[in-house]
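Chain residues, written in single-letter form:
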Amino acid sequence: MKNIFAHQLGRLRTEQQLSQSDIANQLFVSRQAVSKWENGDTEPSLDNLIALAEIFNVSLDGLVAGINDPNTLLLTATHLKKSFSKPVLKDINLTVSNYERIALLGSNGAGKSTLIKILIGLLKPDNGRVKYHFNLHQDLNIMPQDDVLIPDLTVLEQAKLAALINRVYNPRHIDNLLTKFNLKEQANQFVQKLSGGQKRRLSLLISTLRPAKLLILDEPTVGMDLTSIDFFWKLLSQRSGSTIVVTHDFNQIDKYFSRVWLLKDGMITHDISVNKIHSHHQTIAQWYRLNNKEA
Ligand SMILES: Nc1ncnc2c1ncn2[C@@H]1O[C@H](COP(=O)(O)OP(=O)(O)OP(=O)(O)O)[C@@H](O)[C@H]1O
């Protein structure tokens, strides 16, 4: 058990951007104790193992023996329909399992944001239902729109407030995240004074504050500069759990996604693994152009 657990601890801690001190603070043990667990020198008590599994949001099996069930269903959507002045979603059926990274692609106006809003419960479908196979309040993270940010708070206050609401407040963790998201210099600046790209980075910081089984993001890199975009995809690739992202950022997505949904004419016309696209020697962009042509 020792080696697998030590390996899992190091991996999960890095993926979830927690320092050894962050873990130590949450468990009321010394940082040295966490370091020894991670080096395989000692092992935590059962109570601490259970607490660690909760912190990382993984099963005890997953933590101790590295057992993950990739086929666990997270979300099922059946027969979703939505019309505004005309039908936008006609009959959407989909499933999301553990550890999937899904790109939701489609032309402007295809209905991607409408679908995302239904999946996160912001919009009611006219027909059909979304079933979550997890605790919606604990295990779903979304990137809030800029208008959810509170203009009169400073960046630090906003991050702190979000952490307190999510019950993951730890001053060092927030400090590390502000540095990581390149917002340290703006920590005491009011949110209303931030540029569009900085607001996106702050929204992203908030959306990744706590580990969750599913992260859903609608065009997260819009308004970000190239450095921030690179940072964003790197950050996403380090997190565990599943992700659904609406994006037009074709330069990056071959490296990151495992699966693609193409929304066209109100339906998911293609639901395909990225490995399959690559096995035909296509990039996702090439595949998309070919399959999203007007009839
Ligand atoms: N609240 C609303 N009231 C009326 N029509 C709406 C509403 N929300 C979306 N629509 C319409 O539904 C269609 C799909 O919009 P949606 O924003 O979901 O598309 P999208 O694929 O996300 O587009 P984009 O890539 O441009 O962001 C559009 O024709 C849009 O005008």
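Residues numbered from 1 in each chain as written. Predicted model: local features only at pLDDT ≥ 70, side-chain atom pairs only at ≥ 80, totals over all residues.

Chemist: Could you clarify how one ought to interpret the overall build of the chain in this entry?
Modeler: Check the secondary structure of the chain and you find 14 helices and 9 strands. Against the 2.2 N^0.38 benchmark of 19 Å for 295 residues, the chain shows a C-alpha radius of gyration of 20 Å, consistent with a compact globule. C-alpha extents for the chain along the principal axes are approximately 65 × 45 × 35 Å. For the chain, long-range pairs separated by at least 24 residues make up 68% of all intrachain contacts whose partners lie at least 6 apart in sequence. (Helix = DSSP H or I, 4+ residues; strand = E, 2+ residues; numbered from the N terminus. Rg over C-alpha atoms; globule rule 2.2 N^0.38 Å. Contact = placed C-beta atoms within 7 Å.)

Chemist: Explain the packing of helix 8 (residues 155-165) against helix 9 (residues 171-180) to me, please; I cannot follow it from the model alone.
Modeler: For any two helices packed against each other, one specifies the crossing angle of their axes together with the interaxial distance. It is the contact of helix 8 with helix 9, at a shortest axis distance of 11 Å, that shows an interaxial angle of 130°. By the criterion of interaxial angle, the relationship of helix 8 to helix 9 is oblique. Judged by the twist between their axes, the crossing of helix 8 over helix 9 is right-handed. Here Leu156, Ala159, Lys160 and Ala163 of helix 8 come into contact with helix 9, specifically with Ile174, Leu177 and Leu178. Looking at side-chain class alone, the contact of helix 8 with helix 9 contains 6 nonpolar, no polar and 1 charged residues. (Axes fitted to C-alpha atoms, helices over the stretch in contact; angles between N-to-C directions. Parallel < 35°, antiparallel > 145°, perpendicular 65-115°, else oblique. Left-handed = near helix turned anticlockwise from the far one by under 90°. Nonpolar A, V, L, I, M, F, W, Y, C, P; charged D, E, K, R; others polar.)

Chemist: Could you clarify how one ought to interpret helix 6 (residues 112-119) in this entry?
Modeler: In an α-helix there are 3.6 residues to a turn, and that puts residues three or four apart on one side. Of all 8 residues in helix 6, 6 are buried, a share of seventy percent or more. Downstream of helix 6 by one or two residues, Gly121 has phi in the positive range, about 85°. (Buried ≥ 20, exposed ≤ 12 C-beta atoms within 10 Å, placed from the backbone.)

Chemist: Sorry, what's going on with the environment of Ala24 here?
Modeler: Its location among the elements puts Ala24 in helix 2 (residues 20-27). Overall, Ala24 belongs to the partly exposed group, with 17 C-beta atoms counted inside 10 Å. When the C-alpha positions of Ala24 and Ser35 are compared, they lie 9.3 Å apart, and in sequence the two are 11 residues distant. Beyond its immediate chain neighbours, meaning those up to four positions away, Ala24 contacts Val29, Ser30, Arg31, Ala33 and Val34.

Chemist: Help me understand the site of the ligand, please; the structure alone is not making it clear to me.
Modeler: Close contacts around the ligand come from Phe84, Val88, Gly106, Asn108, Gly109, Ala110, Gly111, Lys112, Ser113 and Thr114, and that covers them all. With 3 residues, helix 6 is the single largest residue contributor to the shell around the ligand. Here the residues of the shell around the ligand sort into 3 nonpolar, 6 polar and 1 charged. (Near = placed C-beta within 6 Å.)

Chemist: Looking at this model, I keep getting lost on the confidence of the model for the chain. Mind explaining?
Modeler: Detailed conclusions should not be drawn from predicted coordinates in areas where pLDDT is low. Within the chain, residue pLDDT values average 87, and 95% of them lie at 70 or more. Averaged pLDDT values for the elements of the chain fall to 76 in helix 5 (residues 60-65) and rise to 95 in strand 8 (residues 259-264). With a pTM of 0.76, the predicted complex shows an ipTM of 0.98. (pLDDT = per-residue confidence, 0-100.)

Chemist: I keep staring at the sheet that holds strand 2 (residues 87-97) and nothing clicks. Help me out?
Modeler: Backbone hydrogen bonds are what pair the strands of a sheet, in a parallel or an antiparallel way. Ordered in space as 2-1-4, the 3 strands form an open sheet in which the pairing is antiparallel. The sheet terminates laterally at strand 2 and strand 4 (127-132), the two strands that pair on one side only. On average, adjacent strands in this sheet sit at an angle of 10° to one another, irrespective of strand direction. Sheet topology places strand 1 (residues 73-83) next to strand 4; 5 bridges connect them, and they run antiparallel. Directly across from Ala77, in strand 4, lies its bridge partner Val130. (Pairing = 2+ DSSP bridges.)

Chemist: Explain the pairing of strand 2 to me, please; I cannot follow it from the model alone.
Modeler: On a regular strand, one side chain projects to one face of the sheet and the next to the other, so that they alternate. Bridge analysis of strand 1 against strand 2 gives 7 bridges, and the strand direction is antiparallel. Within the sheet, the bridge partner assigned to Ala77 lies in strand 2 and is Leu94. Between strand 1 and strand 2, which pair antiparallel and follow one another directly, the connecting turn spans 3 residues.

Chemist: Looking at this structure, how should I read the sheet that holds strand 9 (residues 267-273)?
Modeler: Spatially, the 6 strands line up as an open sheet ordered 5-6-7-3-8-9, and their pairing is mixed. On the outer flanks of this sheet lie strand 5 (140-142) and strand 9, each paired with one strand and no other. Strand-to-strand, the axes of this sheet are offset by a mean angle of 15°, without reference to chain direction. In terms of strand pairing, strand 8 meets strand 9 through 6 bridges, oriented antiparallel. Residue pairing in the sheet places Arg259 in a bridge with Ser273 of strand 9. This element, helix 6, spans strand 3 (101-105), strand 6 (214-218), strand 7 (242-246) and strand 8 of the sheet and lies at about 150° to strand 6.

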